[in-house]
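Residues per chain, in single letters:
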Protein chains: 4
Amino acid sequence: MISLNYRDSRPIYEQVRDGLRHLVVTGAITEGEKLPSVRALAASLAINPNTIQRAYAALEEEGYLTSEPGRGAFAARGGAGGNNLRQEALLRQFDASARELVFLGMTPEELAARISLAAAERKGEGA
Amino acid sequence: MISLNYRDSRPIYEQVRDGLRHLVVTGAITEGEKLPSVRALAASLAINPNTIQRAYAALEEEGYLTSEPGRGAFAARGGAGGNNLRQEALLRQFDASARELVFLGMTPEELAARISLAAAERKGEGA
Amino acid sequence: MISLNYRDSRPIYEQVRDGLRHLVVTGAITEGEKLPSVRALAASLAINPNTIQRAYAALEEEGYLTSEPGRGAFAARGGAGGNNLRQEALLRQFDASARELVFLGMTPEELAARISLAAAERKGEGA
Amino acid sequence: MISLNYRDSRPIYEQVRDGLRHLVVTGAITEGEKLPSVRALAASLAINPNTIQRAYAALEEEGYLTSEPGRGAFAARGGAGGNNLRQEALLRQFDASARELVFLGMTPEELAARISLAAAERKGEGA
DNA sequence: GTGGTCTAGACCACC
DNA sequence: GTGGTCTAGACCACT
């Protein structure tokens, strides 16, 4: 399901992370579905469990999955609409950065002005 | 300079990260100053270099230091005023989250309204 | 003239190599023109001369430039038409690989059959 | 196992590269066998790890070994017969050069004609 | 601990 | 001054 390219200069864990994110976002792994265990996926890709663990941790931080110790990791919805983990994670990030930027001296007005600008830009910017 | 508590539930790398962040923010490590090498700090704390590496990576992402391959890691200024990496990192984070939240359907007005609210709250530094 | 992205996971020397190759192929650096010295380009990009040297060596192997110790590095023509260093390098590579493949047991007919196939494919395949 | 001659005009890394290639081709290092680590071989030859690294990189490009970050470097079979990395590398090189030569205007027929010629020549391995 | 990339600074041979 | 090689030592991703 995930293809790795060892000749790619991108780290393996990023390839795994992006591959899984893609599966979640596109719905290939449906909301709430259990993801393969770290060890199972590691075995199936013939890489080290640490590398999978790192990809899972990144995706959890991004809100694309939740992992429950002892149970496994479960997909959250990545698409638009409804409240979901991804959106919660983004709001957490948004609030935290806004809070500290104001603390550092930026005004709420300056920040508000950036929002529309940011929204208009292309996402681009690879790893 | 950094004290580790192995009985603490917080992972070692977080203890190192927070310890280093504190040194930078308080100015104990001054702007531009070279931090100890990954291996040196690992040796001095008697822990694995990987753990230090993880703390350094987190701090670089947060903008508290820059690490230049082959040269070392250097402290950035954490405080307010002037151009600093921390502010750049926060703006990057702010823009990215705003962009995706708008993509997910929130309006710029809703987001703008959150800014003042967020700024008023206590920081509540999580683990 | 060449832009570096330190956050890119692609190594610096590949970015330099590809940037220079592009300048030669597009004719921005004309045939026979002297390229900046290893040290000068290193200084202008604020990176180590060794890194530039590595890019120059790769481009020489590919036939995009010749470098003469004590004199400098000079661009070859990258475009189509006429005989040029790039084509010479390719023919050298073609002959050498064909020779050894025949030595390893492939027949000239098998190889000839591959040519048209290869020519039809997309070049793709990033680093 | 590898002898270095510092009075030889050939660079150390080429002497190492050719020495290793010889060991692989002659079967002194058998197919799939793990080569000494970069650091270990450097220590044993009393030279810098970078120099060994350079030789390993060249041999990997030639298909005589594969190196897997974090695991080590492993010998491929250099001889004829069966599937081996060397042949794969040669085919990759053959296809790539053929493709670009056609792109530059040579006809597949011209190239096909070169194959038998090339195969008849002596190998003339340069420094 | 392993391969890979980068920096810094040195020396060489050539011009 | 120029390209080329080498050393020493750093960070980096991964096992």
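Criteria and thresholds
Residues numbered from 1 in each chain as written. Chains lettered and ligands numbered in written order. Predicted model: local features only at pLDDT ≥ 70, side-chain atom pairs only at ≥ 80, totals over all residues. Helix = DSSP H or I, 4+ residues; strand = E, 2+ residues; numbered from the N terminus. Buried ≥ 20, exposed ≤ 12 C-beta atoms within 10 Å, placed from the backbone. Contact = placed C-beta atoms within 7 Å. Near = placed C-beta within 6 Å. Nonpolar A, V, L, I, M, F, W, Y, C, P; charged D, E, K, R; others polar. Least-squares fit on C-alpha atoms with pLDDT ≥ 70 in both. Axes fitted to C-alpha atoms, helices over the stretch in contact; angles between N-to-C directions. Parallel < 35°, antiparallel > 145°, perpendicular 65-115°, else oblique. Left-handed = near helix turned anticlockwise from the far one by under 90°. Pairing = 2+ DSSP bridges. Domains from an automatic or database assignment. Expected span 1.5 Å × (residues − 1). Arc of directions from axis to C-beta.

Draft legend 1. Representation of the overall build of chain A in the model. Of regular secondary structure, chain A possesses 5 helices and 2 strands. Scanning chain A from its N terminus toward the C terminus, one meets helices and strands in the order α-α-α-β-β-α-α. Across the 127 residues in chain A, those meeting the buried criterion constitute 29%. Considering only contacts within chain A whose residues lie at least 6 apart along the sequence, 50% involve residues at least 24 apart.

Draft legend 2. Structural context of the protein's contact with DNA strand E. Taken together, 28 residues surround DNA strand E, and among them Gly70 of chain B, Pro11, Ile12 and Gly70 of chain C together with Ser37 of chain D come closest. Every element with two or more residues in the surface near DNA strand E is listed here: α1 (12-25) and α3 (49-62) of chain C together with α2 (38-45), α3 (49-62) and β2 (72-75) of chain D. Tallying contributions element by element places α3 of chain D first for the surface near DNA strand E, with 5 residues. Looking at the surface near DNA strand E residue by residue, the classes come out as 12 nonpolar, 12 polar and 4 charged.

Draft legend 3. View of the relation of the copies chain C and chain D. By a simple turn and slide, chain C fits onto chain D: the slide is 0.0 Å along the axis, the RMSD is 0.1 Å, and the turn is 180°. These values place the two chain copies in the arrangement generated by a two-fold rotation axis. Both copies share a contact surface, since 100% of the interface residues of chain C are interface residues in chain D too.

Draft legend 4. Highlighting the packing of helix α1 (residues 12-25) of chain D against α3 of chain D. Residue and element names in this part refer to chain D. One can describe the packing of α1 onto α3 by two numbers: an axis separation of 8 Å at closest approach and a directional angle of 50°. Classified by the angle their axes make, α1 and α3 are oblique. Judged by the twist between their axes, the crossing of α1 over α3 is right-handed. Contacts between α1 and α3 involve Ile12, Tyr13, Val16, Arg17, Leu20 and Arg21 from the former and Thr51, Ile52, Arg54, Ala55, Ala58 and Leu59 from the latter. Among the residues making up the contact of α1 with α3, the classes are represented as 8 nonpolar, 1 polar and 3 charged.

Draft legend 5. Fine view of the pairing of strand β2 (residues 72-75) of chain C. Burial along β2 of chain C is one-sided: the face carrying Ala73 and Ala75 of chain C is buried and the face carrying Gly72 and Phe74 of chain C is not. A loop of 3 residues connects strand β1 (residues 65-68) of chain C with β2 of chain C, the two strands running antiparallel in sequence, and Gly70 of chain C in this loop sits at a positive phi of about 90°.

Draft legend 6. Quick look at the protein's contact with DNA strand F. Around DNA strand F sit 42 residues in total, of which Pro11 of chain A, Ser37 of chain B together with Ile12, Asn48 and Gly70 of chain D are the nearest. In terms of residue class, the surface near DNA strand F is built from 20 nonpolar, 19 polar and 3 charged.

Draft legend 7. Highlighting the domain arrangement of chain A. Residues and elements named next belong to chain A. Segmenting chain A into domains produces domain 1 (12-75) and domain 2 (85-120). Taking only C-alpha atoms, the centre of domain 1 and the centre of domain 2 are 28 Å apart. Tallying the contact residues gives 4 residues for domain 1 and 5 residues for domain 2. Split into classes, the residues belonging to the side of domain 1 that touches domain 2 amount to 1 nonpolar, 2 polar and 1 charged.

Draft legend 8. Structural view of α3 of chain D. All names here are of chain D. The first and last C-alpha atoms of α3 sit 20 Å apart over 14 residues, in line with the 20 Å expected at 1.5 Å per residue. When we look at burial in α3, the residues that qualify are Thr51, Ile52, Ala55, Tyr56 and Leu59. An end-on view of α3 places all buried positions within 135° of arc, on one side of the element. Projecting away from the buried face of α3 at angles above 90 degrees are the exposed residues Asn50 and Glu61. In this structure, the buried side of α3 is in contact with α1, α2, β1 (65-68) and β2. Looking one or two places after α3, you find Gly63, whose phi comes out positive at around 90°.

Draft legend 9. Summary view of unusual backbone geometry. Residues and elements named next belong to chain B. At Ala46, a position not held by glycine, the phi torsion is positive, near 60°. For Ala46, the location among the structural elements is in the loop between α2 (38-45) and α3 (49-62). Its 7 C-beta neighbours within 10 Å are what place Ala46 among the exposed residues.

Draft legend 10. Quick peek at the interface of chain C and chain D. Taken together, the contact between chain C and chain D spans 26 residues of the former and 26 residues of the latter. Of all the secondary structure elements, the ones that give two or more residues to the side of chain C that touches chain D are α4 (85-103) and α5 (108-120) of chain C. Top element by residues in the side of chain C that touches chain D is α4 of chain C. It accounts for 12 residues. Residues of the side of chain C that touches chain D, tallied by class, amount to 14 nonpolar, 6 polar and 6 charged.

Draft legend 11. Representation of the pairing of strand β1 (residues 65-68) of chain A in the model. Both β1 of chain A and strand β2 (residues 72-75) of chain A contribute to a ladder of 4 bridges, which runs antiparallel. For Glu68 of chain A, the partnering residue across the bridge sits in β2 of chain A and is Gly72 of chain A.

Draft legend 12. Layout of the environment of Pro36 of chain B. All names here are of chain B. Counting through the fold element by element, Pro36 comes out in the loop between α1 (12-25) and α2. With 17 C-beta atoms counted inside 10 Å, the residue Pro36 sits in the partly exposed group. Linking Pro36 and Glu100, residues 64 residues apart in sequence, is a C-alpha distance of 37 Å.

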